[in-house]
Every structure is written in structure tokens, then in C-alpha cells.
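Observations on chain architecture
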Amino acid sequence: MVRNVGGFTVGRGSLDRLPAFVDARRKAVGGTPQVLFLVDSFFAGNQTIIERFGAQADDIIRFVDATNEPTTDGIDAITNEIRGRLRDTPATVVGFGGGTTMDTAKAVSNLLTNGGRAADYQGWDLVKVPGVHKIAVPTISGTGSEATRTCVMTNAASGLKLGMNSDYTVFDQMVLDPDLTATVPRNQYFYTGMDAYIHCIEALGGSYRNAVGDAYSRETVNLCRQVFHADDMMSVEAREQLMVASYLGGCAIATSYVGVVHPFSAGLSVVLGLHHCIANCIALNALDEFYPNEHAEFNAMMKKQNVTLPTGVCANLSREQYQRLVESTVVHARPLTNALGPDFRSILTDERVIDIFKKM
Ligand code: ZN
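The present account deals with the structure reproduced in this document. (Residues numbered from 1 in each chain as written. Predicted model: local features only at pLDDT ≥ 70, side-chain atom pairs only at ≥ 80, totals over all residues. Heavy atoms only, no water.)

A short note on the coordination of the zinc ion
Using the following cut-off: Any nitrogen, oxygen or sulfur atom within 2.8 Å of a metal ion counts as a donor, with the limit raised to 3.2 Å for Na, K and Ca, and since water is left out, coordination shells can look unfinished. Under the classification used here, a metal with four donors is tetrahedral if each angle lies between 85 and 135 degrees, square planar if opposite donors are over 155 degrees apart and the others between 65 and 115, a six-donor metal meeting that same test is octahedral, and anything else is irregular. Per the convention used, a helix needs a DSSP run of H or I reaching at least four residues, while a strand needs a run of E reaching at least two, with both numbered from the N terminus. Under the scheme applied here, a residue whose accessible area is under 20% of the maximum for its type counts as buried, over 50% as exposed, and between as partly exposed, the area being computed with a 1.4 Å probe on protein chains only.
Ligation of the zinc ion by protein atoms is provided by Asp195 (OD), His199 (NE2), His262 (NE2) and His276 (NE2), these donors lying 2.1 to 2.3 Å from the ion. Taken together, the four donor atoms coordinating the zinc ion span angles of 89 to 170 degrees at the metal, a pattern that classifies the geometry as irregular. Between consecutive donors of the zinc ion, the numbers of intervening residues give the motif D-x3-H-x62-H-x13-H. Placement of the pair is Asp195 in helix α5 (residues 186–204) and His276 in helix α9 (residues 276–285), with a sequence separation of 81 residues. The same class applies to Asp195 as to His276, namely buried.

A short note on the nonpolar core
To be explicit about the condition: Side-chain atoms within 4.5 Å are what join buried Ala, Val, Leu, Ile, Met, Phe, Trp, Tyr and Cys residues into a set we call a nonpolar core. Bear in mind that the domain bounds are from an automatic or database domain assignment. Every residue pair with non-hydrogen atoms within 4.5 Å of one another is taken to be in contact.
With 66 residues, the main nonpolar core has Phe190, Met194, Phe228, Phe264, Leu287 and Met360 as its most contacted residues. Per-element accounting of this core gives the leading share, nine residues, to α5. Both of domain 1 (7–181) and domain 2 (186–358) provide at least three residues apiece to this core. Setting aside residues up to four positions removed in sequence, Phe228 forms contacts with Tyr189, Phe190, Gly193, Met194, Met233, Leu242, Met301, Lys304 and Gln305. Counting 18 residues, the second largest nonpolar core, distinct from the first, contains Phe21, Phe43, Val137 and Leu180.

Topic: the side chain of Gln122
Filter applied, for reference: Two N or O atoms count as a polar contact when they lie within 3.5 Å, although within protein this holds only if one can serve as hydrogen donor and the other as acceptor, and sequence-adjacent residues are included solely when both atoms are side-chain atoms.
Residue position: Gln122 is located in the loop between α4 (99–114) and β5 (123–124). The class of Gln122 is buried, set by a relative accessible area of 9%. Within the local environment of Gln122, its side chain forms a polar contact with the backbone oxygen of Leu162, the two atoms lying 2.9 Å apart. With residues up to four places along the chain from it excluded, the contact list for Gln122 reads Thr72, Met153, Asn155, Leu160, Leu162 and Gly163.

Okay, here's the thing in C-alpha cells:
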């Protein structure tokens, strides 16, 4: 069973439809409900954008610092603060920003109706009742958070990086306005966009496949190729294509599994604190033996767009750090089995995993 986003609008200027979506929710709920806007702090001070939300005087606009990816403690802190400011359940929660902000909106929405703490729901189908109605407005493309049934959070106490995987985590509505990605820094735009490409080459390279997932994946890869082989990956047309690729890539991954890249990327995030999307690019760049064609294509795209990757990120680490990198990679049994079969540890021995990290 796969649940998709309830409805969407796409195209330049579609942010102007957001006030109508929000007002429809106010009417549906009745009375004078508040609306919660969780907004990437990148937009703090951008009154031109904020005025287009259609917020009313007693609505809550809470900026989310996306410097670090979400943690369970951070989500609990925001939720408690919001609870203190709400009169009642809000009519809707709007997540306006990148993957971190959208994942925060999903998690807060679930916690407002389910109670408890974020860590209680890390896993599969642990959310008991539907969260607050929620609307996604992505401002960078690639992670597919606007489409998926998870919201990734790191639990500092357990070291676990896992989301609330639930049908209740899926957004009810989505606004895809490519004008919003015009101001993203080029490197970040590339790394994040490649997340969609990587999700789908991993899904297509795996053994857990289905016809719908394959169709989503193929079109995502096709759109990413058009964007990243183009002269300007950030033209208006390319930004709209990448926004659609991000959504379709999210749909693809909701019906299948990733492969070898994401586990290595998770190791980089957990042990060295690298962000998801740049970590994916660094990982793919060292995994040419598993993805030779995609590795070559990735490098051609990087060259064409004049983007560079940091090097030597795993040079001169301690024995203990390399061992933690191994553990935080091979723990991802489902995607590694998808890519390499149940016997993946005979291929990914400790020594081989460390050698791969040393190439990064
Ligand atoms: Zn990803």
C-alpha cells in the first residue's frame, strides 16, 4: 500500500495559491483556528515572501534553523514551544523550506495530535492517529521529503537516524513553485538535486522492484539528466524539471529501497556530521566499482555545472572512527540486501568498507 500526497499545484507563481489552501482549511475546521507556519530561517527577514503566505495576526510563524538536520530532542523542543503558543489544534501546518524544514513540519504535526516524544515514533507505523493537516512548500529540490512517508531525525542518545515511517506522515497538500529555488546557492542546488538522481539509480539497481516504482525512477533519472546536462541547471525550465524530479523521486523511494550509496552516506552523516545530500555525492564518487556508469555520468554532470566536491574527508581518521564508519554503514541491511543480496557482508568486508571510505 502506498499513500500519495492528497493534492498539489505546480508552476511559477503557484505560491500565490497558498492563502486559498490555508483559508479552505480554516473554513473546514470552523471557528477561528490558528495556522502554524514552519519556515526555513533562510527566509527570516524576507517580508516579500512572508507576506504572500496569507497569515493572520494570531497565526504562528516559527523559523526553523536548518544548519543541522533534525534531532529528536530538537523536534521535542519546537513542539513544546508551539504547544505553549497554540489555543487549540491548528487548521494546518505549513512546512516552507528544504528537507529539514519539511521533515520538521511532518514530525511536529504528528506529535501535536499523538502526544509523547519524537523518539517514541521512530520506526515503522508507530504513529497512532492522523497528524494535523499539513502543506508542503519546498524551496529546494531533491530530497523528495514533500512526497515521502517519513521524516528523518537523529536520536543523539541512541545514535539512531530513523524517521516516523507512517501513512500519517504524508503531506495532505503541496505547492511546487520553481521561483522559490532561484536563490539557492549553486553547489547546494547540485548536491540536493543529486539526491533525487541517487535515490532512483539505487532503486533501479536493486532487486526489490515494482513496475510503478520503476516508472517513477526512470522519469526522475530522465528529468535529472535534462537538468544536469543542460548548459544552465538553474534556468527557469530546469528548476521546474528538478522540482518535479524531486517529487517523483520521493514517490519512487516510497515504493522501493535505496542501495549502496545511502548506507555509506549515512556513515558520513552519523560519524562525521556531513549533511545528507553532500554526503551522498561524496559516497557515489567513491563507489564507481558498484555504479560504474552512474559514477561516470555524475562526474560529467559535475564538470558541466562547474561544481566541486570536498576531498580527503576521511583522511587521517583514527582506527576507532573507521570502525564506527563501518558499523554505521553495514547496519543498513535492507538497502544493502536490495543492492548486493543477503550475503552483502561477504562483499562489504570491514577492510573493503574502510578502503572505500579512504577514497572519499
Ligand atoms: Zn536521500
